[in-house]
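# Descriptive analysis of the structure
Residues per chain are reported as follows:
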Amino acid sequence: MDLGLRGKRAIITGGSKGIGLATAITLAAEGAQVAIVARNAGPLQEAAKAIREKTGTEPLVLVADATSGDDARRVVEQAAQHFGGLDILVNNAGTSAAAPFEKVEAEAWGADLDLKLLGAVNFARAALPHLRKAGGGAILNVTAIGGKTPGASSLPTSVSRAAGLALTKAMSKDLAADKIRVNAVCIGLVRSDQIERKWRQAAPELTWEQFATDPRHGIPLGRIGQAEEAAKVITFLVSEAASYVTGTAVNIDGGTSAVL
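For the structure given in this document, a descriptive report is provided here. The numbering scheme is per chain: residues are counted from 1 as the chain's sequence reads. For a predicted model such as this one, the threshold for reporting local features is a pLDDT of at least 70, and the threshold for listing and counting side-chain atom pairs is 80 or more; totals across whole chains, interfaces and linings nevertheless cover every residue. Computation of side-chain values covers all heavy atoms of the structure but excludes hydrogens and water.

## What about the packing of aromatic side chains?
Pairing of aromatic side chains requires ring centres within 6.5 Å, counting the rings of Phe and Tyr and the six-membered ring of Trp. Pairs whose planes differ by under 30 degrees are stacked, by over 60 edge-to-face, and all others tilted. Inspection of the entire model under this criterion finds 3 aromatic pairs. The interplanar angle of 70° and the centroid separation of 5.4 Å between the aromatic rings of tryptophan 199 and tryptophan 208 together place this pair among those described as edge-to-face. Judged by relative accessible area, tryptophan 208 falls into the buried class, the value being 6%. A network of ring pairs unites the aromatic residues Trp199, Trp208 and Phe211 as a single cluster. In this scheme, the term charge over a ring applies when either NZ of a lysine or CZ of an arginine sits within 6 Å of the ring centre and within 35 degrees of the ring normal. The ring centre of tryptophan 208 lies 4.1 Å from the NZ or CZ of arginine 191, which sits over that ring. Accessible area is worked out with a 1.4 Å probe on protein chains only. A residue is then buried under 20% of its type maximum, exposed over 50%, and partly exposed in between.

Below, the structure is given as C-alpha cells:
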C-alpha cells in the first residue's frame, strides 16, 4: 500500500529516542522529510545518525524545549523554511510521572501539564499556519492508555494524558474545515528507556525476552510492544491512507485497556 508520504514534511517532538525516533525512521523510510526535536543536542545527533543509517536520508535536527512557546515557534519556522512547508506534526514530547495523589507536589502537576499538554498546544499553534498554507495536513498526539482508564498511583500523568485526548477531539472539530486531521495514540507497555530501567532494576536476572513476555504484565497479546510497532500505527494515521480518520484515539497496548 502506498501511504502517500513521499515528499511530505514532518516534525516529530521527542524525536531523539523511543517512539519518536522510531516514527522518524518509519516516516523517512516512506519518503517523508523529517525534523526531529528534543531538548538535548547529544541524543538528537545520535538519533540523526540512526536515521541516516537506516533510511539513507538526512533529518533536520532542532533543539527546543516543548514547554516554551518561543522555542516551538522558532523551530517550526526553521523546519518550514528548510523544507518549504509543513504537512505533519507528531507531538511526542513527554515523560512518565506516576505516583499516588497525596504524594504529588503542586509543582509536579504544573510541570507535567506544561510538558504533555501545553507542549502539544505550543507546537500545534506554531504549525497551524503552515498546515493551512499546505492545504491541510495531520497532527498526531502521543498519549497513554492511562488517559482513558486511569489506575491507582498514576498521577499526574493520567490526568495530563486525559487532557491530551480532550485536546485531540476538540482540535479535530475546529480544524476539519481546514482539512487538518487530528488524532491520538494511547500507548501501553512499549519498550522505552523507562521500561528498560524497570527491567534492570526489578528483574536483572531475566533476559529482555523473558521480562517482556512475563505474564505478570497482564498483556493479552503476551508481550511488551516494540517502539517500531507504535511508529507504524502513527505513520498510518498521519498518512493519506487515513485521509478520512480524524478525532480518534487508537490504543497501542497489546489489548491491555478495558476500553475501546
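That shown, we press on.
## Concerning the sheet that holds strand S4 (residues 88-91)
Strand pairing is assigned whenever DSSP identifies at least 2 bridges connecting the two strands. Runs of H or I in DSSP of at least four residues are treated as helices and runs of E of at least two as strands, each being numbered from the N terminus. Sheet architecture is open: 7 strands sit in the order S3-S2-S1-S4-S6-S8-S9, paired in parallel fashion. A strand with exactly one partner marks an edge of an open sheet, and here the two such strands are strand S3 (60-63) and strand S9 (249-252). Averaged over all adjacent pairs, the angle separating strand axes in this sheet is 20°, with direction ignored. By the bridge criterion, 8 bridges tie strand S6 (residues 137-144) to strand S8 (residues 180-187) in an arrangement that is parallel. Of the residues in S8, the one forming a bridge with alanine 138 is arginine 181. Across the face of the sheet, helix H8 (residues 227-237) comes into contact with S4, S6, S8 and S9 while running at roughly 165° to S8. Inter-axis angles, ranging from 0 to 180 degrees, are taken between N-to-C directions of lines fitted to C-alpha atoms, where helices are fitted over the stretch in contact. Two residues form a contact once any of their heavy atoms are found within 4.5 Å.

## Looking at the pattern of salt bridges
What counts as a salt bridge is simple: a side-chain nitrogen of Lys or Arg found within 4 Å of a carboxyl oxygen of Asp or Glu. Scanning the entire structure with this criterion turns up 12 salt bridges. When the shortest N-O distance is used, the salt bridge between aspartate 70 and arginine 73 registers 2.3 Å. Of this pair, aspartate 70 and arginine 73 both sit in helix H3 (residues 69-83), 3 residues apart, which is roughly one turn of the helix. Of the residues examined, arginine 73 reaches a relative accessible area of 46% and is grouped as partly exposed. For the salt bridge of glutamate 229 with arginine 223, the shortest nitrogen-to-oxygen distance reads 2.6 Å. A single network of salt bridges, built from pairs that share partners, joins Arg191, Glu196 and Arg200.

## Points about the nonpolar core
In these notes, a set of buried Ala, Val, Leu, Ile, Met, Phe, Trp, Tyr and Cys residues joined through side-chain atoms within 4.5 Å is what counts as a nonpolar core. Judged by nonpolar contacts, the single largest core of 33 residues is most densely connected at Leu27, Val90, Leu140, Val185 and Ile187. At the level of secondary structure, the elements contributing two or more residues to this core comprise strand S1 (9-13), helix H1 (18-29), strand S2 (33-38), helix H2 (41-55), S4, S6, S8 and H8. Counting residues per element, this core draws most heavily on H1, at 7 residues.

Geometric descriptors of this kind do not, in isolation, establish any biological role.
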